[in-house]
Amino acid sequence: MSAKRKIFFAGSIGGGRQYQDLYMRIIEQLKLYGNVLSEFVGNPDIDGFLQDLQWTDKQCHEQDVIWLQESDVLVAECTQPSLGVGYEIARSEAMMKKILILFQAESESELPRKIRGLHNDTTFIVKDYREEELPGLLKDFFSKL
Ligand SMILES: O=c1[nH]c(=O)n([C@H]2C[C@H](O)[C@@H](COP(=O)(O)O)O2)cc1CO
């Protein structure tokens with residue numbers, strides 16, 4: 001199953017790149033559980049990557065939605081607020097995808113209540129986490145899919 005599972009990893013790009021290296025480490029762990037369609041979110045040279053693609057805004061949006069549709073699971077790291085990540089969560093939730101929201105427990109910011117309020121213990125999971133907890137947390141999440 002894990003070889004075929006498709007995972008969309010969402011993390012801030014335009015919202016700020018302060019957790020880019022964390023995104024890369026999460027993506028590496030997610031590869032144990034499936035194909036990560038949005039590996040570019042962890043790219044340390046995201047500006048160069050996106051420039052090389054030369055996509056229009058319309059192409060960027062269309063491809064994003066295609067990948068969300070193709071995915072079985074959305075994993076969103078939400079510590080850095082991002083409009084795009086919020087949009088991806090809302091679209092994925094409407095598509096009835098399985099969703100894991102990751103929020104750093106020690107962050108001084110707050111996860112929006114309307115996201116936290118979607119937690120239902122089955123299809124939409126919100127986890128306040130510390131990085132060392134990620135391996136066990138991901139194992140538990142994917143074992144229940
Ligand atoms: O060119 C892009 N392509 C793309 O797929 N995204 C997606 C992936 C990320 O999970 C999310 C980040 O949104 P934002 O750029 O608003 O922080 O949007 C974001 C951009 C840059 O806005």
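The name that an unreviewed UniProt entry assigns to the protein chain is Putative 2'-deoxynucleoside 5'-phosphate N-hydrolase 1, with the source organism given as Pomacea canaliculata. Taken from UniProt, the Subunit (unreviewed entry) comment for the protein chain reads in full: "Monomer and homodimer." The UniProt entry for the protein chain carries the following comment under Function (unreviewed entry): "Catalyzes the cleavage of the N-glycosidic bond of deoxyribonucleoside 5'-monophosphates to yield deoxyribose 5-phosphate and a purine or pyrimidine base."

S.K.: I tried to follow the pairing of strand β3 (residues 73-77) on my own but got confused; where do I start?
M.R.: A regular strand carries its side chains on alternate faces of the sheet. Buried residues dominate β3, accounting for 5 of its 5 residues. Side chains V73, V75 and E77 project from β3 onto one buried face, and the interleaved L74 and A76 project onto a second face that is buried too. The sheet contact formed by strand β1 (residues 6-10) and β3 spans 4 bridges and is parallel. Opposite F8, over in β3, you have L74 as the bridge partner. Taken together, the 5 bridges between β3 and strand β4 (residues 98-104) define a ladder with parallel strand orientation. Each residue of the ladder has a partner; that of E77, found in β4, is L102. Taken together, β3, helix α4 (residues 83-94) and β4 form a β-α-β motif whose crossover is right-handed.

S.K.: Can you walk me through the pattern of salt bridges in this structure?
M.R.: A side chain with one charge can pair with a side chain of the opposite charge if their charged atoms come near. In this structure the tally under the stated criterion is 10 salt bridges. With its nearest N and O atoms 3.7 Å apart, the salt bridge here joins R25 to D21. Taken as a pair, R25 and D21 lie in helix α1 (residues 20-30) at a separation of 4 residues, close to a single helical turn. On the basis of relative accessibility, which here comes to 37%, the residue D21 falls in the partly exposed class. Taking the shortest distance from any N to any O, the salt bridge between K58 and E62 comes out at 3.5 Å. Residue K58 and its partner E62 are located together in helix α3 (residues 57-70), separated by 4 residues, close to a single helical turn. Shared partners join several salt bridges into a network, and the residues in it are D21, R25 and E131.

S.K.: Is there a simple way to explain the packing of aromatic side chains in this structure?
M.R.: What the rule picks out here adds up to 6 aromatic pairs. Look at F40 and F49: their rings are 5.6 Å apart centre to centre, the planes differ by 10°, and that puts the pair in the stacked class. In this structure F40 comes out as buried when scored by relative accessible area, which is 18%. By relative accessible area, F49 is classed as partly exposed at 29%. Pairwise contacts between aromatic rings join F40, F49, W55 and W67 into one cluster.

S.K.: Just checking my understanding: could you explain the sheet that holds strand β5 (residues 124-129) for this structure?
M.R.: Adjacent strands of a sheet pair through backbone hydrogen bonds, lying either parallel or antiparallel. What the 5 strands build is an open sheet, ordered β2-β1-β3-β4-β5; its pairing is parallel. The strands lining the two open edges of the sheet, one partner per strand, are β2 (35-36) and β5. Strand contacts of α4: β1, β3, β4 and β5, with the helix running at about 155° to β3, the strand carrying the most contacts.

The rules we used
- Residues numbered from 1 in each chain as written.
- Predicted model: local features only at pLDDT ≥ 70, side-chain atom pairs only at ≥ 80, totals over all residues.
- Heavy atoms only, no water.
- UniProt positions renumbered as here; feature names shortened; annotations may be inferred.
- Buried < 20%, exposed > 50% of the residue type's maximum accessible area, 1.4 Å probe, protein only.
- Helix = DSSP H or I, 4+ residues; strand = E, 2+ residues; numbered from the N terminus.
- Pairing = 2+ DSSP bridges.
- Right-handed = clockwise from strand over helix to strand, strands pointing away.
- Salt bridge = Lys/Arg side-chain N within 4 Å of Asp/Glu carboxyl O.
- Phe/Tyr/Trp six-rings, centres within 6.5 Å; stacked < 30°, edge-to-face > 60°.
- Contact = heavy atoms within 4.5 Å.
- Axes fitted to C-alpha atoms, helices over the stretch in contact; angles between N-to-C directions.

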